[in-house]
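Here are the chains, one letter per residue:
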Amino acid sequence: MLSEWFLQQNEFVTSIENMEKVDLAKCLEKFYLGARQKDGNYYKASSLRSIRAGLDRFLQSPELKKPYSIISDPEFLQANKALDAFLKTLRKDGDIAGVVHKDTLTREVVEKLFETGQLGPADSKYPTQLQNTVWFYISLYFGKRGRENQRNMTKQMIVLRTTPNGRQYYEINRGVAGALPSTKNHQGGIRDEEDESNGKMFECPGSARCPVQTVKNYLLHLNPEADFFYQKPRAFGTAKFNPEVDPIWYCNSPVGEKSLAGMMKKMTSNAGISPHLTNHCIRATTVTVLGEENIEARRIRAVTGHRSDSSIDSYNSRPSLKQFHEMSNIISSFVTGNGSIPVEKPNASSPQAAPSSLREVNHQQFNMQHFQQFQQQPQGSFVGCTFNITNNYNFAN
């Protein structure tokens, strides 16, 4: 984007890479104030900050080795002040929108994808549906971004393992070249830390949605003449192809990069889910689902490959849709005076949605067990300390 802007201006002649620091500071100030999107609108504050950070990394890359930072060097103070004042003015005048965070998938969304056939069971007979499901599972269980090097993924880059107890699981085959490609967080430079992400996808015995069985079924029908993991599905319903008879369901060519980049958008749009979701929403879902179960950030990073705990915290610091619903209901009960309003529960078809009566029974059993324990242990003592327990719990409530 900076290159396009530079070609359109006439004030600066020397290339960005070869400019003296004083001239570069003046050039960047002009760029910050003049940068526009292709439709003429202003860039969001987050976009301009990202552009500045990316340019800073570029100038300090091994190829250029600039001994300064355009973010912190005093020579660029005026340019950064101008950018700060410009963004404040745009926000004050209502000329830029706020940051739109990536939505996470809810159980209802996942159920909708299965109900509409965008995702399918492990023994699916539909090539596109089977591939969609495998792609979804690999993105979710391994916390991968939606488009990073997926087109170059090969069959050898995922390996089936078995625990001493006989449980099967898939993981990325780290011993294969290219299995851990360059990513946003791990670009592979001399100062870059090793990508330690190593998620596992375990089998779910007895489940029609077992991820391990789904991947097994997919690998069984890939074209043996192609090494690509994501191969183009053969045209379903034609006279030349019958998945009930033909063992090979995919072509000797990879799925296009743009097609892989738009997988989630296409599936949610086909399922009638609005607004549609993007590939990155799956990665955000992995972090959020694990975070809501109180999995430590360092363990989540072992799945997703994030570089710091703060990156994980940025996902988990935002309430989920269900939590927003609960907060809205609390405010509504204050306004209407009607007491608490029930939060929408997952569909009954969800495999993890237990009937309300069962949850109530389990809750009562849990309370009764603790009530009996309190009755059996009304007092106790520590060294030099004796205590009594007074139980005022009204079990009827």
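Up top is the structure these notes are about.
Let me begin by describing the structure that accompanies this report.

Parameters at a glance
- Residues numbered from 1 in each chain as written.
- Predicted model: local features only at pLDDT ≥ 70, side-chain atom pairs only at ≥ 80, totals over all residues.
- Heavy atoms only, no water.
- Helix = DSSP H or I, 4+ residues; strand = E, 2+ residues; numbered from the N terminus.
- Contact = heavy atoms within 4.5 Å.
- Areas by Shrake-Rupley, 256 points an atom, 1.4 Å probe, with all protein chains shown as cover.
- Core = buried A, V, L, I, M, F, W, Y, C linked by side-chain atoms within 4.5 Å.
- Buried < 20%, exposed > 50% of the residue type's maximum accessible area, 1.4 Å probe, protein only.
- Patch = residues over 30% accessible without salt bridge, like charges linked within 9 Å, V, L, I, M, F, W, Y side chains within 5 Å.
- Salt bridge = Lys/Arg side-chain N within 4 Å of Asp/Glu carboxyl O.
- Pairing = 2+ DSSP bridges.
- Axes fitted to C-alpha atoms, helices over the stretch in contact; angles between N-to-C directions.
- Phe/Tyr/Trp six-rings, centres within 6.5 Å; stacked < 30°, edge-to-face > 60°.
- Lys NZ or Arg CZ within 6 Å of the ring centre and 35° of its normal.
- Parallel < 35°, antiparallel > 145°, perpendicular 65-115°, else oblique.
- Nonpolar A, V, L, I, M, F, W, Y, C, P; charged D, E, K, R; others polar.

Focus on the overall build of the protein chain
Helices and strands together make up the secondary structure of the protein chain, namely 14 helices and 7 strands. A fraction of 58% describes how many contacts in the protein chain between residues 6 or more apart in sequence connect residues 24 or more apart. Surface accessibility of the protein chain: about 24500 Å² in total, with carbon and sulfur atoms responsible for 51%.

Points about the nonpolar core
Ranked by internal contacts, the top residues of the largest apolar core, which has 38 residues, are Trp-135 and Tyr-230. When contributions to this core are tallied by element, the ones reaching two or more residues are α5 (107–115), α6 (127–142), β2 (168–172), α7 (211–220), α9 (263–270) and α10 (280–292). Top contributing element to this core by residue count: α6, with 7 residues. Listed in part, the 24 residues of the second largest apolar core include Trp-5, Ile-16, Cys-27 and Leu-48.

Points about a nonpolar patch on the surface
Judged by side-chain polarity, Ile-331, Phe-334 and Val-335 come together as a nonpolar surface patch covering roughly 390 Å² of accessible area. Looking at Ile-331, the relative accessible area reads 54%, which means it is exposed.

Considerations on the sheet that holds β2
One open sheet holds the 3 strands; their spatial order is β1-β2-β3, and the pairing between them is antiparallel. One side of each edge strand has no neighbouring strand; the edge strands of this open sheet are β1 (158–162) and β3 (200–202). The average undirected angle you get between the axes of adjacent strands in this sheet is 30°. Pairing analysis gives 5 bridges linking β1 to β2, with the strands arranged antiparallel. The partner of Arg-161 across the bridge, within β2, is Tyr-169. Along the sheet, α7 contacts β1, β2 and β3; its crossing angle with β2, the most-contacted strand, is approximately 70°.

Points about the pattern of salt bridges
If charged atoms from side chains of opposite charge come close, those side chains can pair. Enumeration over the complete set of coordinates arrives at 7 salt bridges. Ionic pairing is found between Arg-209 and Glu-111, a salt bridge with its closest N-O pair at 2.9 Å. Taken together, the residues span a long stretch of sequence, with Arg-209 in the loop between β3 and α7 and Glu-111 in helix α5 at a distance of 98 residues. On the accessibility criterion, Arg-209 (26% relative accessible area) is partly exposed.

A look at the packing of aromatic side chains
Geometry of an aromatic ring pair is reported as the spacing of the ring centres plus the angle between the planes. In this structure the tally under the stated criterion is 9 aromatic pairs. By way of ring pairs, the aromatic residues Tyr-218, Phe-229, Tyr-230 and Tyr-250 are connected into one cluster. Positioned above the aromatic ring of Phe-114 is the side chain of Arg-209, whose terminal nitrogen or guanidinium carbon lies 3.8 Å from the ring centre.

So, the pairing of β2
With 5 of its 5 residues buried, β2 lies for the most part within the structure. Between β1 and β2, which follow one another and run antiparallel, lie 5 residues, and Gly-166 among them has a positive phi close to 90°. In the sheet, β2 pairs with β3 via 3 bridges, with the strands oriented antiparallel. When the bridges of β3 are listed, Tyr-169 appears paired with Phe-202.

Quick notes on the environment of Gly-143
Within the secondary structure layout, Gly-143 lies in the loop between α6 and β1. Between the C-alpha atom of Gly-143 and that of Val-287, which follows or precedes it by 144 residues, the distance is 7.6 Å. Setting aside residues up to four positions removed in sequence, Gly-143 forms contacts with Ile-138, Arg-283, Thr-286, Val-303 and Thr-304.

Regarding unusual backbone geometry
Residue Pro-275 is reached from Ser-274 by a cis peptide bond, and omega for that bond is -5°. Within the secondary structure layout, Pro-275 lies in the loop between α9 and α10. Here Lys-65, not a glycine, exhibits a phi torsion of approximately 55°, which is positive. Position of Lys-65 relative to the elements: it lies in the loop between α3 (45–59) and α4 (77–92). Exposure remark for Lys-65: the relative accessible area of 62% places this residue in the exposed category.

Some remarks on the side chain of Thr-214
In this structure, Thr-214 sits in helix α7. When its relative accessible area of 0% is taken as the criterion, Thr-214 is described as buried. Discounting residues that sit within four places of it in the chain, Thr-214 has contacts with Ala-122, Leu-130, Thr-133, Val-134, Tyr-137 and Arg-209.

A few points about α7
Those residues of α7 that fall on the buried side of the exposure criterion are Pro-211, Val-212, Thr-214, Val-215, Asn-217 and Tyr-218. Lining the buried residues of α7 we find α6, β1, β2, β3, β4 (231–233) and β5 (250–254).

A look at the environment of Gln-118
Locating Gln-118 in the fold gives a position in the loop between α5 and α6. Owing to a relative accessible area of 12%, Gln-118 belongs among the buried residues under this scheme. Along the sequence, Gln-118 and Asn-132 sit 14 residues apart, while their C-alpha atoms lie 6.9 Å from each other. Sequence-distant contacts of Gln-118, defined by excluding residues within four places in its chain, comprise Leu-113, Gln-129, Asn-132, Met-267, Asn-270 and Ala-271.

Regarding the packing of helix α2 (residues 21–34) against α4
Running from N to C, α2 and α4 point in directions that differ by 10°, and their axes come no closer than 8 Å. Between α2 and α4, the angle is such that the two are roughly parallel. Packed against α2, whose contacting residues are Ala-25, Glu-29, Tyr-32 and Leu-33, the element α4 presents Gln-78, Ala-79, Asn-80, Ala-82, Leu-83 and Phe-86 at the interface. Grouping the amino acids of the contact of α2 with α4 by side-chain chemistry returns 7 nonpolar, 2 polar and 1 charged.

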